[in-house]
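Geometric and topological summary
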Amino acid sequence: MGAAAAALLLGGAGVLMGAGTARAAEVSYATECLPPPISGLPPVEGTTTVEVQAPATAKVGDEVEVVWKTVQAASKNPPILDIEENTVKPTGTLTVGGAQTGELAMEGPRENPAIPKDSPMKLADMKGKLKLTQAGEVTLTPGAYNINVSKPLSTDTKCSAKETVKAAATIKVTGSGGTTTGGSTTGGNTTGGNTTGGNTTGGNTTGGNTTGGNTTGGNTTGGNTTGGNTTGGGGGGDSYTGKEVSVAYACKTPIGDKNATSPVRINAVKNGGSFDLTVKFGKSVMDSPADIPADSVKPSMAVKVGGADKGTVSVVGPTNKEAIKSGAPIEIPDLTGTYKPGASGKSTLTPGVLTVKALGTTTTCTPAKDTQASLELDTTAQSSGASGGDSSSGGSGSSGSSGSTGAGTSGGLAETGASDHGGLKALGLVAGTAILLGAAVFTLTPWRKLRGTR
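Residues numbered from 1 in each chain as written. Predicted model: local features only at pLDDT ≥ 70, side-chain atom pairs only at ≥ 80, totals over all residues. Heavy atoms only, no water.

For the rest of this paragraph, the subject is the overall build of the protein chain. Of regular secondary structure, the protein chain possesses 4 helices and 24 strands. Taking all contacts inside the protein chain whose residues are at least 6 apart in sequence as the whole, residues at least 24 apart take part in 78%. (Helix = DSSP H or I, 4+ residues; strand = E, 2+ residues; numbered from the N terminus. Contact = heavy atoms within 4.5 Å.)

Inspection of every chain in the model, using the stated rule, returns 2 disulfides. At a sulfur-sulfur separation of 2.1 Å, the disulfide partner of Cys-33 is Cys-159. Residues Cys-33 and Cys-159 are joined through a disulfide that is right-handed, its torsion about the S-S bond being 115 degrees. Here Cys-159 lies in strand E11 (residues 155-161) and Cys-33 lies in strand E1 (residues 22-34), a separation of 126 residues in the sequence. Summarising the burial analysis for this pair, Cys-33 and Cys-159 share the class buried. Through a disulfide, Cys-251 is tied to Cys-365; the S-S separation comes to 2.0 Å. Disulfide Cys-251 to Cys-365: torsion about the S-S bond roughly 110 degrees, handedness right-handed. On the criterion of sequence distance, the pair formed by Cys-251 in strand E15 (residues 245-253) and Cys-365 in strand E22 (residues 361-367) is long-range, its members being 114 residues apart. Given the relative accessible area of 1%, Cys-251 is considered buried. (Disulfide = S-S within 2.5 Å. Buried < 20%, exposed > 50% of the residue type's maximum accessible area, 1.4 Å probe, protein only.)

In this fold, Pro-367 is placed in strand E22. Separated by 16 residues in the primary sequence, Pro-367 and Pro-351 have C-alpha atoms spaced 7.5 Å apart. Those residues in contact with Pro-367 that sit more than four places away from it in its chain are Val-247, Ala-248, Tyr-249, Pro-351, Gly-352 and Val-353.

What follows covers the pattern of salt bridges. Enumeration over the complete set of coordinates arrives at 8 salt bridges. Asp-125 is the salt-bridge partner of Lys-69, the closest N and O atoms lying 2.7 Å from each other. In this pair, Lys-69 is assigned in strand E4 (residues 63-72) and Asp-125 in the loop between strand E8 (119-120) and strand E9 (126-131), connecting sequence segments 56 residues apart. In this structure Asp-125 comes out as partly exposed when scored by relative accessible area, which is 29%. (Salt bridge = Lys/Arg side-chain N within 4 Å of Asp/Glu carboxyl O.)

Moving on, we get to the pairing of strand E19 (residues 311-316). The pairing of strand E18 (residues 297-307) with E19 spans 6 bridges and is antiparallel. Note that in E19 the partner of Lys-304 across the bridge is Thr-312. The turn joining E18 and E19, which pair antiparallel and follow one another in sequence, is formed by 3 residues. (Pairing = 2+ DSSP bridges.)

We now examine the packing of aromatic side chains. On inspection of all chains with the given rule, the structure shows 3 aromatic pairs. Considering the side-chain rings of Tyr-240 and Phe-275, the 6.1 Å spacing of their centres and the 65 degrees angle between planes classify their relative orientation as edge-to-face. On the criterion of sequence distance, the pair formed by Tyr-240 in strand E14 (residues 239-240) and Phe-275 in strand E17 (residues 274-281) is long-range, its members being 35 residues apart. For Tyr-240, a relative accessible area of 28% puts it in the partly exposed group. A centroid spacing of 6.1 Å and a plane angle of 25 degrees characterise the contact between Phe-275 and Tyr-339, whose relative ring orientation is stacked. In this pair, Phe-275 is assigned in strand E17 and Tyr-339 in strand E20 (residues 335-339), connecting sequence segments 64 residues apart. Accessibility classification places Phe-275 together with Tyr-339 in one group, the buried group. Three or more aromatic residues joined by ring pairs make a cluster, and in this case those are Tyr-240, Phe-275 and Tyr-339. (Phe/Tyr/Trp six-rings, centres within 6.5 Å; stacked < 30°, edge-to-face > 60°.)

Val-52, Val-66, Trp-68, Leu-130, Leu-140 and Ile-171 are the most contacted members of the largest nonpolar core, which totals 35 residues. Put simply, the parts of the chain that give this core at least two residues each are E1, strand E2 (44-55), E4, strand E6 (88-98), strand E7 (102-107), E9, strand E10 (136-149) and strand E12 (169-174). Sorting elements by how many residues they give to this core places E10 first, with 5 residues. Phe-281, Met-301, Val-356 and Cys-365 belong to the second largest nonpolar core, which has 32 residues in total. (Core = buried A, V, L, I, M, F, W, Y, C linked by side-chain atoms within 4.5 Å.)

Quick look at the pairing of E9 now. Where burial is concerned, the two faces of E9 differ: the one with Met-126, Gly-128 and Leu-130 is buried and the one with Lys-127, Lys-129 and Lys-131 is not. The sheet contact formed by E4 and E9 spans 6 bridges and is antiparallel. Each bridged residue has a counterpart across the sheet, and for Glu-65 the counterpart in E9 is Lys-129.

Per-chain confidence: the protein chain averages 72 in pLDDT, with 62% of residues scoring 70 or above. Counting contacts from residues 177-236, a segment whose pLDDT is below 50, to residues more than four positions away or on other chains yields 115 contacts. (pLDDT = per-residue confidence, 0-100.)

Note that Val-44 resides in strand E2. Residues Val-44 and Thr-31, spaced 13 residues apart in sequence, show a C-alpha to C-alpha distance of 8.4 Å.

Here we take up unusual backbone geometry. Phi at Asp-295 takes a positive value of approximately 60 degrees, unusual for a residue other than glycine. Mapped onto the elements of the fold, Asp-295 is located in the loop between E17 and E18. Even without a glycine there, the phi angle at Ser-384 is positive, about 65 degrees. Checked against the element boundaries, Ser-384 lands in the loop between strand E23 (375-379) and strand E24 (389-390).

Tracing the backbone through its elements, the reader meets Lys-280 in strand E17. We classify Lys-280 as buried; its relative accessible area is 5%. The sequence separation of Lys-280 and Thr-336 amounts to 56 residues, and the corresponding C-alpha distance is 9.1 Å. In terms of polar contacts, Lys-280 uses its side chain to reach the side chain of Asp-334, at 3.0 Å. (Polar contact = N/O pair within 3.5 Å; in protein donor to acceptor, adjacent residues only side chain to side chain.)

The subject of this paragraph is the side chain of Arg-265. By secondary structure assignment, the location of Arg-265 is in strand E16 (residues 256-271). Polar side-chain contacts of Arg-265 include one of 2.6 Å to the backbone oxygen of Gly-242.

On the secondary structure map, Thr-49 appears in strand E2. The exposure class assigned to Thr-49 is buried, which follows from its relative accessible area of 10%. At a separation of 2.8 Å, a polar atom in the side chain of Thr-49 contacts the side chain of Ser-28. Apart from residues no more than four positions distant in its own chain, Thr-49 is found in contact with Glu-26, Val-27, Ser-28, Lys-69, Thr-70, Val-71 and Gln-72.

Printed below as a string of structure tokens:
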């Protein structure tokens, strides 16, 4: 009875695999891998070693399973970030040649052990099914493959052969008949994990401060306009538009130092003895290089107070309300907070240290010492005001109001193709800090060679 059961099992297996014994062979080939654009790294060359398993013999009409085992990926996890288990998914393509031609899509599961920093990559086996349609010798040759990492964000590293690759397996197909269509495949080329979603558009959604406040069109009829509320007024509501200043930032990011320049404007609306501030960023050249989930990027700034008063004012922006799709503009929303003066006189407000937090990482950008003030205000000292300390009563974190009549800069890293001063490209990288980390995972060997070129 046991022998009969075994025979039945063997017979069933033969339907899929044919009568031949599985055959495995290894090939190695020079490979060029393209890290995700967000990494800013050039293409890197390495060596891929692949073992292809397929039956030694089969018949026309059989559908056989082929296995791609990555013995050595052309990569090493660099000393930046530990990779979590079950976050890496490989896909690839085998070239079918000889008696039958075509391509076979290969796909592996998102299964991997935790991969420590500075250690070899571990890729799951990829599989595909090939329908045999022609008698003769059918060859299977590995080539291009893709590595998708799902955390902290979905990123892809695309690798391709840079030399002619030898066949890694040959199937001897017997029988006759069948059509000459080649390489029909199952097992799709899913690279997984790409979140969808719209662009985060600016952030001037709440706040309610009217733009400008002053009626246009000159003097109203009626002659003697006595008592016109031109300045001050204990009830507040007067708005002040700062000038746009170019700020040179030196940024400390998780993958190294970045320098960038961006136009910044500080506007204010008088609110009693205090001022509601709105910091607006001009356009830049950075589009999102990968999908960014909603509610994952939060900017803030310490505005520098000078002149008669001294200290800083904390202004913060909201997290991105919607996911940002790869290729869409990244925008820094308006940053808002309240300035309570600590001294009387003419006080200045200058863009200060910018901090961007993204998925557990922090990037800090420090402006150059010669950064110009954006706004000067006539201030009256208030109890517990700045005067050498932090005057912030805290930005609400909601999208700030425009707070000014002027300058239609709608906030942030809006478009690519800007002029050669480049805009805040580093902030685009900052907004994708997690992408930087995920992308850097596959910046490929040899790392010693990379260090040697610096």
